[in-house]
Structure formats: C-alpha cells, structure tokens
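# Structure assessment
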Amino acid sequence: MRIAGQAKMGYYPTPETVTGEISRILTFAQGSRAIDTCCGEGTALRTIVGAHEGVTTYGVELDTGRANKAAEVLNSVMCSDAITEVRISWGGFSLLFLNPPYDMSEGDVDQERTRLEYVFLKHHFVYLQDGGVLVYVIPFRSIQGIASYLARNFTSLRVFPFAAGDFSRFKQAVVLGCREKDISEEIRENNSEYLAKLKDIPEDAAPDKLPVVGSEEFRAHRYTVIPAELDRSKLIFTSLRFDPDHAYRVIRNDGLFNRWKLDVEPRGMSSIQPLMPTRDGHTALLLAAGFMDGEYELDGNTVIVKGTVKKVAYLADVVPTEEGYTVKEREKYQITVRMLDTLKKQFMQVR
C-alpha cells in the first residue's frame, strides 16, 4: 500500500460523499479566501465551496497533470512542492482544507521520522488567519500523534470518522476547528480531554462509537468562514519553481501578451497574398521554414509534409601544430523536408 501511495505521490482524493457533507456545515462570508495545499484536481475544494459567491479559491499541487485540471475549477493554482517550494502569506486565508499524503517523512540522518500528516499541518496552519476554519482529513489512527498540537491551536475542535461505507475503505476522519492565537487554559484542557477519549476507541469501531460525517450531530456543528483580513494586493502566493503553465494562466488575458503572440506566431499561408506568383526557389524556402507544413493531396494520395531548418556543425579542416593538430569546425544550416505518404505508408526525407 505504501509503495502504491508513493507512486501516486500520496494522492487519495477525498470522497465526494464526504466533501458534499462538509459543504453543508460551512457558511462562507463574502470576501472569504480558501486554500487547499494538496489540491489534486481541485474537486474537493470546489465541492466544499459549492455555489457560494465571493469566495476565492487557491490550490497547490505537485503533479503537473492534476495541477492543470485544478486550474480549471479553482481561481489560482501552483504546481509546486507544498513544503519546500511555496511562498504563501501567513494569515492570508480564512479556510484551510488539508488532505495531506499519508506516510513518514524522510528527515535528516540525525532526526526522527515524522508522520507527513503532522508535517503538513505544522507548515500550513500558519496560512490560516485568526478565526479561520480548518478542515483536516487524516487517518483516524494518526489523530493521537497530532492531538497536542490540535489542542493548543484550535477551538470548536471536533473529530468525525467517515461513515461506515467510506471508513471501511479509507479509515479516515475529518477534523474540524477554528484557529485561535490565544487559547485559554480551560479550552486547551477540554480539547486534550476530548482527544484523549478517542485514544481508547479501536480504529475499526470508530464509526460505531462516534458521530460520523453526515450524521445529525455532524450537521449540527456549523462553522462560518469569515472574510479574509489580508488585503488581496498584499497576498503572497508564489513558488520558487517556475511553472510555465501557471505563468500562462496569469498573463493570458494581458493585452501585451496577445500583441507579442500575434507578432511571433507564424501566420497561415492563406492569410498572405503575394504580389507576384512565387518562384520555385521561394516555395522551397517557405517549405523548409515550415510555413507549408500540413496535409496535401499528391497523385490521389494524402501526404503529410514537414519542413525544418537547423544549424549544425561540421569538420572544416585539420591543421597540424607543434603540439599536435587543431580541428576547425564550421556551422551551416541544414534544410530537411520530410513527407509521409499515408496510403502507401512510405516516408521520404530530403536534405
């Protein structure tokens, strides 16, 4: 199971039966800001936010393919390592949805290995503003290793295992709470006692011993996602890794980018009308430059033509010297025209 999880980069999407229930107990204020730092294809956060208007959604995803899909449903997505590569404003978000990889961190040689669930929570809970809501999906057995940290930092803390059907497959629970910077000793003790009681519950018995996701008690616990306090102009959401897909999403609607694209993209030959008919030499140059790439009819057969020009080095001379000899190279442009006859399945190349 662990090897398979690592192969998927620890990617196990939260079931829609769970995210749909979470969306029912959250109320989003106008101007709220939500982030999922392990967003996958973005469907979990998109489902949780639902049809609420005025909510801006952010995601971080390590896998390029999933990040591109997430960008179609979330407002802003980075393809980055959420631990080592991102730079995100502390206190910039009013909701943190976190379904991290389930594994052990590698750590340095002289360091103890730590559950990744804990590593991700410690790194990312600082993105929550005071009063922000945490929705944390982790294995039920992992809660005790994180209990002390949860008790010190969150109010309205509750744990709900997945309902029996989903729990039998995933053994997961949803942890809900509101970040509080100055938690009273009384609330901290209450949190610790509440989480300590979970320790005595066998993992497989959790759905029978505790209220589950979707139960009446679950739906009775309501959480309000407040407006984001940090001004949008001051929000930092960037990566040390250059992601060309993200850069394109940012600038694609910019007028200057569209002008540059118009200037550098080859125009189709149908849009160019020469004053005089082209000579064979002109046609050959256009063909070599790639302006005539495409599908054509030749003697009743369909052929595909591709022209390229590239600079190559070649041996020009070998000059004897006192130390031995000197090799002189020169460069030339090599023109290649390739043609594929799709009917005869024949390939021709001319240089």
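Preceding this paragraph is the structure being described.
Residues numbered from 1 in each chain as written. Predicted model: local features only at pLDDT ≥ 70, side-chain atom pairs only at ≥ 80, totals over all residues. Heavy atoms only, no water.

So, about the overall build of the protein chain. Of regular secondary structure, the protein chain possesses 13 helices and 15 strands. Taking all 351 residues of the protein chain together, 40% fall into the buried category. Of the roughly 20800 Å² that the protein chain leaves accessible, carbon and sulfur atoms contribute 52%. (Helix = DSSP H or I, 4+ residues; strand = E, 2+ residues; numbered from the N terminus. Buried < 20%, exposed > 50% of the residue type's maximum accessible area, 1.4 Å probe, protein only. Areas by Shrake-Rupley, 256 points an atom, 1.4 Å probe, with all protein chains shown as cover.)

If you trace the backbone, Val60 turns up in strand S3 (residues 56-61). With relative accessibility at 1%, the residue Val60 sits in the buried group. The spatial distance from the C-alpha of Val60 to the C-alpha of Ser239 is 9.6 Å, given a sequence separation of 179 residues. Once you skip the residues sitting within four places of it in the chain, Val60 turns out to touch Asp36, Thr37, Cys38, Cys39, Met78, Ser80, Ala82, Val86, Ile88 and Phe237. (Contact = heavy atoms within 4.5 Å.)

The next subject is unusual backbone geometry. A positive phi angle, close to 50°, is found at Ser156, a residue other than glycine. Mapping Ser156 onto the fold places it in strand S8 (residues 154-161). Of note in this structure, Lys171 is not a glycine but carries a positive phi near 55°. Locating Lys171 in the fold gives a position in the loop between helix H7 (164-170) and strand S9 (172-179). On the basis of relative accessible area, Lys171 is assigned to the partly exposed category, the value being 24%.

Together, Glu185, Glu186, Glu189 and Glu193 make up a region of like negative charge exposed at the surface. Tracing the backbone through its elements, the reader meets Glu189 in helix H8 (residues 185-199). Residue Glu189 is classed as partly exposed on the basis of its relative accessible area of 42%. (Patch = residues over 30% accessible without salt bridge, like charges linked within 9 Å, V, L, I, M, F, W, Y side chains within 5 Å. Salt bridge = Lys/Arg side-chain N within 4 Å of Asp/Glu carboxyl O. Lys, Arg positive; Asp, Glu negative; His and termini not counted. Charge placed at Lys NZ, Arg CZ, Asp CG, Glu CD.)

What the seven strands build is an open sheet, ordered S4-S3-S2-S6-S7-S9-S8; its pairing is mixed. Strands at the two margins of the open sheet, each flanked by one partner only, are strand S4 (76-79) and S8. Ignoring which end each strand starts from, the neighbouring axes of this sheet average 15° apart. (Pairing = 2+ DSSP bridges. Axes fitted to C-alpha atoms, helices over the stretch in contact; angles between N-to-C directions.)

To continue, consider the pattern of salt bridges. Within the structure shown, the criterion is met by ten salt bridges. Two residues, Glu21 and Arg24, come together in a salt bridge whose shortest N-O distance is 3.8 Å. Here Arg24 and Glu21 lie together in helix H2 (residues 16-24), a separation of three residues that amounts to about one turn. On the basis of relative accessibility, which here comes to 14%, the residue Glu21 falls in the buried class. Judged by its relative accessible area of 46%, Arg24 falls in the partly exposed class. Notably, a salt bridge pairs Glu21 with Arg219, separated by 2.7 Å at the nearest N-O pair. Within this pair, whereas Glu21 is found in helix H2, its partner Arg219 is found in helix H10 (residues 216-220), the two being separated by 198 residues in sequence.

Packed helices, taken two at a time, are described by the angle their axes make and the gap between the axes. Packing of helix H5 (residues 116-124) against helix H6 (residues 143-153) leaves a shortest axis separation of 9 Å and a crossing angle of 15°. With respect to their mutual orientation, H5 and H6 come out roughly parallel. The handedness of the crossing between H5 and H6 comes out as left-handed. Note on element contacts: H6 touches H5 through Ile146, Tyr149 and Leu150, opposite Glu117, Tyr118, Leu121 and Lys122. Across the contact of H5 with H6, the residue classes tally to five nonpolar, no polar and two charged. (Parallel < 35°, antiparallel > 145°, perpendicular 65-115°, else oblique. Left-handed = near helix turned anticlockwise from the far one by under 90°. Nonpolar A, V, L, I, M, F, W, Y, C, P; charged D, E, K, R; others polar.)

Membership of the largest hydrophobic core comes to 73 residues, with the highest contact counts inside it found for Leu26, Leu95 and Leu150. Sorting elements by how many residues they give to this core places strand S7 (residues 128-139) first, with seven residues. Among all residues touching Leu95, those that are not within four sequence positions of it are Leu26, Phe28, Arg33, Ala34, Ile35, Leu45, Ile48, Leu128, Val133, Val135 and Val225. (Core = buried A, V, L, I, M, F, W, Y, C linked by side-chain atoms within 4.5 Å.)

With that settled, consider a nonpolar patch on the surface. A contiguous nonpolar patch, built from Val309, Tyr333 and Ile335 and spanning about 310 Å² of accessible area, is present on the exposed surface. Counting through the fold element by element, Ile335 comes out in strand S14 (residues 324-341).

A separate point is the packing of aromatic side chains. Using the criterion set out here, one finds eight aromatic pairs in the structure. Taken together, a centroid distance of 5.7 Å and an interplanar angle of 75° make the contact between Tyr118 and Tyr149 edge-to-face. Of this pair, Tyr118 sits in helix H5 while Tyr149 is found in helix H6, placing the two residues 31 residues apart along the sequence. Overall, the relative accessible area of 22% leaves Tyr118 in the partly exposed class. Both rings, one in Phe140 and one in Phe167, keep their centres 6.4 Å apart while their planes meet at 75°; by these two values the pair is edge-to-face. Placement of the pair is Phe140 in the loop between S7 and H6 and Phe167 in helix H7, with a sequence separation of 27 residues. On the basis of relative accessibility, which here comes to 2%, the residue Phe167 falls in the buried class. Through a chain of ring-to-ring contacts, three or more aromatic side chains come together here, namely Tyr118, Phe125, Tyr149 and Phe154. For the cation-ring pair, Arg158 lies above Tyr194, with the distance from its terminal atom to the ring centre recorded as 5.0 Å. (Phe/Tyr/Trp six-rings, centres within 6.5 Å; stacked < 30°, edge-to-face > 60°. Lys NZ or Arg CZ within 6 Å of the ring centre and 35° of its normal.)

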